[in-house]
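Coordinate analysis (summary)
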Amino acid sequence: MVQFSRLYALETQKDCLVADRWQNGEWFRSWNMDITGGVSADQLRKFTGMLSQVVFSARSDRWEWELETDGELQLVVSDILPTRNNLDARNIDFPSMMYVACMSASEEVNHSFVSCDVVNQIWSKVIKWLDLPFPIFSKILELLYWIDSIRVNVEKRKVLEVIVLTTIWFIWRYRNSVIFNSPPMFRSALFKNIVITFFQWVVGRYSRNTITWLLRLENSLI
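Presented here is an overview of the structure given in this document.

Analysis parameters
Residues numbered from 1 in each chain as written. Predicted model: local features only at pLDDT ≥ 70, side-chain atom pairs only at ≥ 80, totals over all residues. Heavy atoms only, no water. Core = buried A, V, L, I, M, F, W, Y, C linked by side-chain atoms within 4.5 Å. Buried < 20%, exposed > 50% of the residue type's maximum accessible area, 1.4 Å probe, protein only. Helix = DSSP H or I, 4+ residues; strand = E, 2+ residues; numbered from the N terminus. Contact = heavy atoms within 4.5 Å. Phe/Tyr/Trp six-rings, centres within 6.5 Å; stacked < 30°, edge-to-face > 60°. Lys NZ or Arg CZ within 6 Å of the ring centre and 35° of its normal. Salt bridge = Lys/Arg side-chain N within 4 Å of Asp/Glu carboxyl O.

What follows is about the nonpolar core. Grouped together as the largest cluster of nonpolar side chains are 43 residues, with contacts concentrated most on Phe113, Trp123, Trp129, Leu143 and Phe198. Mapped by element, the contributors of at least two residues to this core are α6 (109-115), α7 (117-129), α8 (140-149), α9 (154-180) and α10 (190-202). Residues contacting Leu143, with those up to four places away along its chain left out, are Val114, Trp123, Phe137 and Val164. Formed by five residues, the second largest nonpolar core is a distinct cluster that contains Leu7, Leu10, Trp31 and Phe47.

This part is about the environment of Trp172. Mapped onto the elements, Trp172 comes out in helix α9. We classify Trp172 as buried; its relative accessible area is 15%. Through-space distance from the C-alpha of Trp172 to that of Leu81 is 9.7 Å; in sequence the pair is 91 residues apart.

A separate point is the packing of aromatic side chains. By convention here, two paired aromatic rings are described through the distance between centres and the angle between planes. Applying the stated criterion to the full structure yields five aromatic pairs. Arranged with centres 6.1 Å apart and planes meeting at 75°, the rings of Trp129 and Phe198 form a pair that is edge-to-face. One end of the pair, Trp129, is in helix α7; the other, Phe198, is in helix α10, with 69 residues separating them in the sequence. By relative accessible area, which is 4% here, Trp129 ends up buried. With 5.0 Å between their ring centres and 75° between their planes, Trp169 and Phe170 make a pair best called edge-to-face. Ring pairs connect the aromatic residues Trp129, Phe191 and Phe198, which therefore count as one cluster. Positioned above the aromatic ring of Trp169, the side-chain terminus of Arg173 is 5.0 Å from the ring centre.

Glancing now at the pattern of salt bridges. Under the definition given, this model contains one salt bridge. Ionic pairing is found between Arg175 and Glu107, a salt bridge with its closest N-O pair at 2.8 Å. Of this pair, Arg175 sits in helix α9 while Glu107 sits in the loop between α5 (84-89) and α6, placing them 68 residues apart in sequence. We classify Glu107 as buried; its relative accessible area is 0%.

Printed below as a string of structure tokens:
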């Protein structure tokens, strides 16, 4: 099923890419007739609203991991991710405002990343793996304050921040897979994927003492 079927029907070049049409925040159309209203106009409004959250690049698609985590965390803390609540504030309508991971509350950043029961189960496994007491978070800032309160050296703190960022990243990926993929990611595999991805990223980036500490973490999973 084509989500924006009316717009697709109007397009004269069916094999074009979205990036071919969306340039500098404007839609350069090549349609067989003008849109004057109705369902087509509604689809165009929703479509351009979604595209306003996207940055196109000339590079091939790839995942990038950088040592600094502040930028990625800032997206969450500043609440500028395209959650359904934020998109609704831009007048983009959805059949439901519920968070797809649990369908028990609206999709806003604090519920999506920390207070949802499904997400809490993921955090519980991650924090248990770190051999730390598991506090209950209701806001993303509480999670970050908790990280700051843990007394470890600078290098280990950076490791903890990367683990938190990896977890947040997978929570968002899982959310997206439920919406866009069929079938979605397996929820039961999330923790395993978080651990594997973290260790793949961290190898070669830290001192021997920190690697020894990390290996103890890995052994605690066996």
